[in-house]
Each structure stands twice: as C-alpha cells, then as structure tokens.
Amino acid sequence: MKKIEAIIKPYKIEEIKNSLVEIGIHGMTVTYVEGFGSQGGHTEIYRTSEIAVSFLPKIKIEVVVDDDKVDSVNNAIIKHAKTGSIGDGKIFVYNIENAIRIRTEEEGSVAL
Ligand SMILES: Nc1ncnc2c1ncn2[C@@H]1O[C@H](COP(=O)(O)OP(=O)(O)OP(=O)(O)O)[C@@H](O)[C@H]1O
Ligand SMILES: [Mg+2]
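Residues numbered from 1 in each chain as written. Chains lettered and ligands numbered in written order. Predicted model: local features only at pLDDT ≥ 70, side-chain atom pairs only at ≥ 80, totals over all residues. Heavy atoms only, no water.

Chemist: Report on the site of ligand 1, specifying residues and quantitative values.
Modeler: Residues in contact with ligand 1 amount to 13 residues; listed here are only the nearest, S38, Q39, G87, G89 and K90. For ligand 1, an oxygen atom lies 2.9 Å from a polar atom in the side chain of Q39. In the environment of ligand 1, an oxygen atom lies 2.7 Å from a nitrogen or oxygen atom belonging to the side chain of K90. When ligand 1 is considered free in solution it has 610 Å² of accessible area, and contact with the protein chains removes 67% of it. (Near = heavy atom within 4 Å. Polar contact = N/O pair within 3.5 Å; in protein donor to acceptor, adjacent residues only side chain to side chain. Areas by Shrake-Rupley, 256 points an atom, 1.4 Å probe, with all protein chains shown as cover.)

Chemist: Pulling in residues and values, what's your account of the pairing of strand β3 (residues 56–65)?
Modeler: Relative to β3, strand β1 (residues 2–8) runs antiparallel, the two being bridged by 7 bridges. When the sheet's bridge partners are listed, I4 is paired in β3 with V63. As judged from the 7 bridges shared by strand β2 (residues 29–35) and β3, these two strands associate in the antiparallel manner. Considered in β3, the bridge of E34 is made with P57. (Pairing = 2+ DSSP bridges. Helix = DSSP H or I, 4+ residues; strand = E, 2+ residues; numbered from the N terminus.)

So, in structure tokens, the structure goes:
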C-alpha cells in the first residue's frame, strides 16, 4: 500500500475529489494547510531574494491505496490540478505499513 499526499490549489478540490471517486477511491482525508514552494509564496517570480517568504493557503489530500492504483490516482490528480502556472502543487508518495478498519479489525488492503 502507498499513501499519496497531494498539496493542491484549494479551488481544485471538488474536481479532484470527483475524479478520484470516479476511479474507485472510497476514502480520503483533506486538510486545509498553508505552505510555500520555490517562489516563497509569491504568485510571480521575483529576481531578488530580499522579498519575504509567506504562506499561501493550500489543501492537502491524503489517499491510501493499493500499489496498483498509485499511477491512476497520480494521473487523476495531475489532470485536474495542473494549470501550468506556478503553485499547481506537489505529490508525495509514501510506503504504508498497514491499515486497520477499527469496526471489523480487518487489516491490509481489505481495510481500505
Ligand atoms: N519540498 C517541499 N516540502 C513540503 N511541502 C512542499 C514542498 N514543495 C512544495 N510544498 C508544498 O506544496 C505547495 C505548492 O508548491 P508549489 O506548487 O508552489 O511547488 P514549486 O516547487 O514552487 O513548483 P512551481 O514552480 O510549479 O510553483 C507549497 O505551498 C507547499 O505547501
Ligand atoms: Mg511554487
């Protein structure tokens, strides 16, 4: 299993959620976060490094899936999050040791 963590522009969340549900994802967590990337939280690229870095609002999506779904989840996120402008976001992929559905005590990918 893998966890896909995607940091995206907030206004894209509905579209991305719908596309993930369409490809058969039945659980995800979202968190309203703040962050900055290479431009230090600015919407334009400045030549000086003297401009203060600031946080921009972003949404973090976390989805845990079977290994064979990683590519389709990444592709769905990219398809809907990409505008081609700076700040489109980033995807991080983590290995997941285990998952447990508390109600039934099922473990592993059946618990997803
Ligand atoms: N190396 C990182 N570690 C943790 N979070 C990051 C990292 N890079 C980006 N993020 C998160 O992702 C958000 C979006 O990053 P962003 O898309 O601006 O990345 P970038 O590398 O600057 O790419 P671009 O040049 O396309 O803007 C940031 O606001 C931050 O929350
Ligand atoms: Mg950036």
